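Descriptive analysis of the structure
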Amino acid sequence: MLSLAALSLRLGVSGFQGSSRSIATIVSGNKTSKLVRERLRMEVEKMKSHFSGFRPGLVVLQVGDRDDSNLYISSKLKAAAEIGIDAKHVRLPNTATQDEVLQSIMSVNENPLVHGLIVQLPLDSVNPIDTELVTNAVSPLKDVDGLSCINAGKLSRGDLNDCFIPCTPNGCMELIRQTGTTPEKMHERSWENDLLKQRRSVGGNTAVVIGRSKIVGGHRMHEPAAVEPRSVGLADILVVGCREADGW
């Protein structure tokens, strides 16, 4: 999850001798979360009305008993319940072997009543477990975290309608939409009461993503220590996902 998310949109304002003035737009994560959950709740209700007896199923698979993982899982289960998803928590002991984890994943993959599978990371086991092997064992059709090579590959290729998008970048895009900026290619301007109103598209803008993880930035990320102030200053969209501000 993001420790800090900064979304800054620089709106060009004419009349400043060819220069532009930066205007930071602050958006509410809590408000956006409520809007998204309500939208999803309505979508789930619509699916249930079209398919009698249908209920979306989710499994969160955990290895070990880390306190931070327990907190994240609790939040996921609560959110799922609020929107009408039947979510189950499967916990394996910290003595679980790699084969036992893979067997649990295969069981969920083959269960028609489960439509999504989240493998909670890190895998807290006393035995060596290949995380890449485990995440890629999840069926791409149930990989709602979007961490498998197939979903990550489709995402990097731009096949956004044919893959699961990891929740953090998807959440960032939702926050950006709340500012009036859309993924679609549009750019409209109008003057009203001496105020510039814009509806801009993400495409064509300069975006800087600061983060270390595969999810926040991926291969396009900037390590905080390597970020140049000039790059941040020129960004139309700035997304920051790191635990500490030191070094940038």
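On a predicted model such as this, the values are computed, not experimentally measured, just so you know.

**Quick look at the overall build of the protein chain**
Looking only at helices and strands, the protein chain features seven helices and seven strands. The helix and strand sequence of the protein chain, counted from the amino end, reads α-β-α-β-α-β-α-α-α-β-β-β-α-β. Residues classed as buried in the protein chain amount to 31% of the 248 residues present. Within the protein chain, counting contacts between residues at least 6 apart in sequence, those at least 24 apart form 63% of the total. Carbon and sulfur atoms form 54% of the exposed surface of the protein chain, whose accessible area is close to 15,400 Å².

**What to know about the sheet that holds strand β3 (residues 116–119)**
Spatially, the three strands line up as an open sheet ordered β2-β1-β3, and their pairing is parallel. In this open sheet, the two edge strands, each paired with only one partner strand, are β2 (86–92) and β3. Neighbour-to-neighbour, the strand axes of this sheet turn through a mean angle of 20 degrees, independent of strand direction. The sheet contact formed by strand β1 (residues 57–63) and β2 spans seven bridges and is parallel. Its bridge partner being in β2, V63 is matched across the sheet by L92. Each of β1, β2 and β3 is contacted by helix α2 (residues 67–83), which is oriented at about 160 degrees to β2, the strand it contacts most. Along the sheet, helix α3 (residues 98–109) makes contact with β1, β2 and β3, crossing β1 at roughly 180 degrees.

**Focus: the environment of F54**
By secondary structure assignment, the location of F54 is in the loop between α1 (29–50) and β1. A C-alpha to C-alpha distance of 9.5 Å links F54 and V44, two positions ten residues apart in sequence. Once residues lying within four places of it in the same chain are set aside, the contact partners of F54 are M47, K48 and H115.

**Some details on α3**
Given a rise of 1.5 Å per residue, twelve residues ought to cover 16 Å, and the 16 Å separating the end C-alpha atoms of α3 matches this to within 8%. For α3, the complete set of buried residues consists of V101, L102, S104, I105, V108 and N109. One side of α3 holds all its buried residues, which, seen down the axis, span an arc of 155 degrees. Across α3 from its buried face, at more than 90 degrees, point the exposed residues D99 and Q103. For α3, the elements touching its buried residues are β1, β2, β3 and α4 (131–137).

**Observations concerning unusual backbone geometry**
Following L121, the chain continues into P122 via a peptide bond in cis, with omega recorded as 0 degrees. Structurally, P122 is set in the loop between β3 and α4.

**Regarding the side chain of S125**
Note on placement: S125 falls in the loop between β3 and α4. Here S125 falls in the buried class, since its relative accessible area comes to 17%. A distance of 3.2 Å separates the side chain of S125 from the backbone oxygen of N94, its partner in a polar contact. Excluding anything up to four places from it in sequence, S125 contacts V63, N94, T95 and A96.

**Thoughts on the environment of A96**
With respect to the element layout, A96 can be found in the loop between β2 and α3. It is 6.2 Å that separates the C-alpha atoms of A96 and S125, two residues lying 29 residues apart in sequence. Not counting residues within four places of it along the chain, the set of residues in contact with A96 comprises V63, V101, S125, N127 and I129.

**Quick word on the side chain of S104**
Structurally, S104 can be placed in helix α3. Judged by relative accessible area, S104 falls into the buried class, the value being 18%. Discounting residues that sit within four places of it in the chain, S104 has contacts with L61 and L92.

**Considering the nonpolar core**
Grouped together as the largest cluster of nonpolar side chains are 17 residues, with contacts concentrated most on V101, I105, L117, V119 and V134. Residue assignment for this core shows that the elements contributing at least two residues are β1, α3, β3 and α4. Considering every element that reaches this core, the biggest residue donor is α3, with four residues. Those residues in contact with V119, other than ones at most four positions away along the chain, are L61, I105, V134, V138 and D145. Core analysis: the second largest hydrophobic core is formed by five residues, I210, A235, L238 and V240 among them.

Cut-offs and rules
- Residues numbered from 1 in each chain as written.
- Predicted model: local features only at pLDDT ≥ 70, side-chain atom pairs only at ≥ 80, totals over all residues.
- Heavy atoms only, no water.
- Helix = DSSP H or I, 4+ residues; strand = E, 2+ residues; numbered from the N terminus.
- Buried < 20%, exposed > 50% of the residue type's maximum accessible area, 1.4 Å probe, protein only.
- Contact = heavy atoms within 4.5 Å.
- Areas by Shrake-Rupley, 256 points an atom, 1.4 Å probe, with all protein chains shown as cover.
- Pairing = 2+ DSSP bridges.
- Axes fitted to C-alpha atoms, helices over the stretch in contact; angles between N-to-C directions.
- Expected span 1.5 Å × (residues − 1).
- Arc of directions from axis to C-beta.
- Polar contact = N/O pair within 3.5 Å; in protein donor to acceptor, adjacent residues only side chain to side chain.
- Core = buried A, V, L, I, M, F, W, Y, C linked by side-chain atoms within 4.5 Å.

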